[in-house]
There are 2 protein chains.
Amino acid sequence: MKEATLRDVADLAGVSPRTVSNVVNGYAKVTDVTRHKVEAAIAQLGYRPNVLARHLATGRSGQIVVVVPYLDTPYFSELLQAIIPVARRVGYNVLIDQSDGDREHEGQLIGQASHRSLFDGIIYSPLGLSQDDLSRRDPALPMVVIGERTSTANFDHVGIDDVAASTEAVNHLIGLGRRRIAAIGDQPYPTGEAAQRRTKGFRAAHAAAGLPLDESLIIGTPRFNRLDGATAMESLLRLDNPPDAVFCYSDLVASGAIHTLLHNGLRVPEDVAVIGYDDIEDGRYSRPTISTISPDKAEIARMAVERLVMRIKSREPVPGVDLRAGHRLVARQSTVGDAAG
Amino acid sequence: MKEATLRDVADLAGVSPRTVSNVVNGYAKVTDVTRHKVEAAIAQLGYRPNVLARHLATGRSGQIVVVVPYLDTPYFSELLQAIIPVARRVGYNVLIDQSDGDREHEGQLIGQASHRSLFDGIIYSPLGLSQDDLSRRDPALPMVVIGERTSTANFDHVGIDDVAASTEAVNHLIGLGRRRIAAIGDQPYPTGEAAQRRTKGFRAAHAAAGLPLDESLIIGTPRFNRLDGATAMESLLRLDNPPDAVFCYSDLVASGAIHTLLHNGLRVPEDVAVIGYDDIEDGRYSRPTISTISPDKAEIARMAVERLVMRIKSREPVPGVDLRAGHRLVARQSTVGDAAG
DNA sequence: GTGAAAGCGCTAACAC
DNA sequence: GTGTTAGCGCTTTCAC
């Protein structure tokens, strides 16, 4: 049996397609009595609008693309999982794209023309994409960037206050009486803005506490993986005067660092306290559980989607804004021990 | 400047839209001279077909859904990464859905009606979905199942020969002189078919080698995660007579098991050899690198997509078939030590 | 507030 | 082999 069309509904309700469309989309004002008639007809026929036809008529595809560097990095997959339902709720499908940190790919996707009728907008969580790359994109393509860098006239940015969050993380360690605090994850080059903001917070906390800062305790890593954390921790342990606490720029890094610590017979947090960043699910179940900065992923997702949809629907150019989502520090075993429960 | 339409091309080439459509889609035969004219016009106008319009006209959406239990499980994300480009190449977008092992969700998605014009077919990598659930689905929705269970009249199945692969894995361990071999990951309940096939191979290898099998060395786990592996390994180490090798039903499990072994001062592979399953990227970079059964993910992806597209395009009902992708054993450090390089 | 009708850009009978 | 033409189901000016 064929699906009912808008015209069927119109016929049954004794109104024109125009009216049905109005009711369905809540556009123009419709008399209550007409609305009821239409709604009854819709119910009776089990009518559901044909998305495809709507897209053709409106010239929009109803698809948005979310680009993440790595699909299997927990932080990104969790972010994705937050974004998908939000987008679906406002009528958009989510296409997922992995950039692989591959500049080529990233550039191509947002380049001119390639997106014609394929998607209406893009949510971008870049890694290793320079300001330059971003501005070279098709400015007509609505875009929201998550995470790094700040907005321009062209696009919006959604993220948490990394500097403040990092400061809190380090303050937490200081508050626990730690005095030699290391940082793992710095990336002192153009595409490492996110990392640099964390380093900034790291410094700020030291300054505020009047705590001297040993530059040799800031370890750079190419990425934010477990292996990076493990390797960095090893080099820290080789120091004459190893740290008594570590601020890791991701939970994965923290996990790697903890691995190395335990492997070397050190206790976490008794000998070395470790705090991470991202609040990935793994950290809640690992042993010890990992203290972390927890970005409000749901809020990030909501902000990003809302803002993107707004851009898509807007006829005029929209000025770029910086949206700040919430975050909180979650103290778990890796800093406070079994007090964390 | 507006995009060129098929009609523009037709006008410029001096032919009818029908002909242009034929050329674009390679449908009917077209004279070489006509084809060249059309192609020239296409090039000149920079014409690209409007996907949306095509979908409306054909009644298909050009979307397929891939459902995986967990987005952030490396095996699934790698599979996804293999599927996406293949699907794109044959003109399909991939919508990703995470079922969370949530029966509710899985059932709903493949139920009646919910997919109208949203997607043309579904590639399903189920976990915890019973045969019953599967057959309750809308039979009109083209479906290919990856991994577990075998096909029915309704859908196809793509997978590797788990029993053979598992047998090879265990043979590998036996060939290295191991005699007390454990298995981690059995799931002796209806939805654990994949696990059970591995156990079957485990038994087969023992039987073939005339090696007695200690049932207490077969450890069940709720999932295939790191933590499952670590926990299971701990219980194995508490045995009076611990194993000298372990066959893990996933690389994640192997990773967890290795973690526990190293943590307990045992050497891998000298004291205990470990082999995993899935060949996830992590296993190639961890220390030690993890020996594994490597399913040909590219082939799985190709088979699944090809078969699904075939189903989508076919007018008549298609009988379900079982497609078998290749696999190979990859010996790395966790079984052969530094001989693996 | 609602109706009539013209597309959105493509595909696919149906003819020639 | 190629042209004609009628939709696919919806949105949306334009009138009333």
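For every chain, the first residue of the written sequence is number 1, and numbering continues from 1 onward in sequence order. As a convention, the first chain written is A and the first ligand written is 1, with the rest following in written order. The model is predicted, so local features are restricted to residues of pLDDT at least 70 and side-chain atom pairs to those at 80 or more, both for listing and for counting; the totals for chains, interfaces and linings are taken over all residues. The basis for every side-chain value is the complete set of heavy atoms in the structure, and neither hydrogens nor water enter the calculation.

- The name given to chain A in an unreviewed UniProt entry is LacI family DNA-binding transcriptional regulator, and the organism recorded there is Kineosporia corallincola.

1. Here we look at the interface of chain B and chain A
Part 1: Here a residue-residue contact requires only that any non-hydrogen atoms of the pair lie within 4.5 Å. With 38 residues of chain B at the contact, the number on the chain A side is 38 residues.
Part 2: Summed over both sides, the interface between chain B and chain A buries roughly 3,400 Å², with carbon and sulfur atoms accounting for 54% of that surface.
Part 3: A side-chain nitrogen of Lys or Arg and a carboxyl oxygen of Asp or Glu constitute a salt bridge if their distance falls within 4 Å. Between the two partners, chain B and chain A, sit 4 salt bridges.
Part 4: With its nearest N and O atoms 3.2 Å apart, the salt bridge here joins Arg-88 of chain A to Asp-97 of chain B.
Part 5: Counting of polar contacts relies on pairs of N or O atoms within 3.5 Å, with two restrictions inside protein: one atom must be capable of donating a hydrogen and the other of accepting it, and residues adjacent in sequence are counted only when both atoms are side-chain atoms. Linking chain B with chain A are 4 residue pairs in polar contact (both at pLDDT 80 or more).
Part 6: Elements supplying a minimum of two residues to the side of chain B that touches chain A: α4 (51-58), α5 (74-89), β2 (93-98), α10 (226-237) and α11 (251-263) of chain B.
Part 7: Helix numbers and strand numbers start at the N terminus; a helix is a DSSP run of H or I with at least 4 residues, a strand a run of E with at least 2. In terms of residues, the side of chain B that touches chain A owes the most to one element, β2 of chain B, which gives 6 residues.
Part 8: Residue classes in the side of chain B that touches chain A are distributed as 16 nonpolar, 12 polar and 10 charged. By buried area we mean the combined loss of accessible area, with a 1.4 Å probe, across both parts when two parts are placed together. The nonpolar class holds Ala, Val, Leu, Ile, Met, Phe, Trp, Tyr, Cys and Pro. Asp, Glu, Lys and Arg form the charged class, and all remaining residues, Gly among them, are polar.

2. Some details on the protein's contact with DNA strand D
Part 1: Nearness is judged by heavy atoms alone; a residue qualifies as near a molecule or strand once a single heavy atom is within 4 Å of it. For DNA strand D, the set of nearby residues contains 24 residues, the closest of which are Leu-6 and Tyr-47 of chain A together with Thr-19, Thr-31 and Thr-34 of chain B.
Part 2: Within 4 Å of the protein, the atoms of DNA strand D are drawn from sugar and phosphate moieties in a proportion of 66%.
Part 3: The separation between a phosphate oxygen of DNA strand D and a polar side-chain atom of Asn-25 of chain A is 3.3 Å.
Part 4: A distance of 3.2 Å is found between a base oxygen of DNA strand D and a side-chain nitrogen or oxygen belonging to Arg-18 of chain B.
Part 5: When contributions to the surface near DNA strand D are tallied by element, the ones reaching two or more residues are α2 (17-25) and α4 (51-58) of chain A together with α2 (17-25) and α4 of chain B.
Part 6: The class makeup of the residues in the surface near DNA strand D is 10 nonpolar, 10 polar and 4 charged.

3. Some remarks on the relation of the copies chain B and chain A
Part 1: The superposition of copies rests on a least-squares fit of C-alpha positions from residues with pLDDT of 70 or more in both. Mapping chain B onto chain A is achieved by rotating through 180° and translating by 0.0 Å along the same axis, at an RMSD of 0.2 Å. Taken together, the rotation and translation describe the operation of a two-fold axis. For chain B, the minimum C-alpha distance to the rotation axis belongs to Asp-72 of chain B and amounts to 2.5 Å.
Part 2: By residue overlap, the copies meet face to face through one surface: 100% of the interface positions of chain B are interface positions in chain A.

4. Some details on the protein's contact with DNA strand C
Part 1: As a matter of local geometry, DNA strand C sits amid 24 residues, with Thr-19, Thr-31 and Thr-34 of chain A together with Leu-6 and Tyr-47 of chain B nearest to it.
Part 2: Protein-proximal atoms of DNA strand C, defined as those within 4 Å of the protein, fall in sugar or phosphate at a share of 74%.
Part 3: In this structure, Ser-21 of chain B approaches DNA strand C through a side-chain N or O atom, which is 3.0 Å from a phosphate oxygen.
Part 4: At 2.6 Å, a side-chain N or O of Arg-54 of chain B approaches a phosphate oxygen of DNA strand C.
Part 5: Elements that contribute at least two residues to the surface near DNA strand C include exactly α2 and α4 of chain A together with α2 and α4 of chain B.
Part 6: At 4 residues, the largest contribution of residues to the surface near DNA strand C is made by α4 of chain B.
Part 7: Along the lines of polarity and charge, the residues of the surface near DNA strand C split into 10 nonpolar, 10 polar and 4 charged.

5. Concerning the packing of helix α1 (residues 6-13) of chain A against helix α3 (residues 32-45) of chain A
Residues and elements named next belong to chain A.
Part 1: Fitted lines through C-alpha atoms serve as axes, helices being fitted only where they are in contact, and the angles separating the N-to-C directions of these axes extend from 0 to 180 degrees. Where α1 contacts α3, the two axes come as close as 9 Å, and the packing angle between them is 125°. Between α1 and α3, the interaxial angle falls into the category oblique. The way α1 lies across α3 gives a crossing that is right-handed. The residues of α3 that touch α1, namely those facing Asp-8, Val-9, Leu-12 and Ala-13, are Lys-37, Val-38, Ala-41, Ile-42, Gln-44 and Leu-45.
Part 2: Partitioning the contact of α1 with α3 into residue classes produces 7 nonpolar, 1 polar and 2 charged. Should an angle fall under 35 degrees it is taken as roughly parallel, and over 145 as roughly antiparallel, whereas 65 to 115 is taken as roughly perpendicular and any remaining angle as oblique. In a left-handed crossing the near helix is turned counterclockwise from the far helix by less than a right angle, and in a right-handed crossing that turn is clockwise.

6. Focus: the environment of Val-66 of chain A
All names here are of chain A.
Part 1: For Val-66, the location among the structural elements is in strand β1 (residues 63-68).
Part 2: Sequence separation of Val-66 and Ile-123 is 57 residues, and the distance between their C-alpha atoms is 4.7 Å.
Part 3: Apart from residues lying up to four places away in sequence, Val-66 is in contact with Leu-80, Ile-83, Val-94, Leu-95, Ile-96, Asp-97 and Ile-123.

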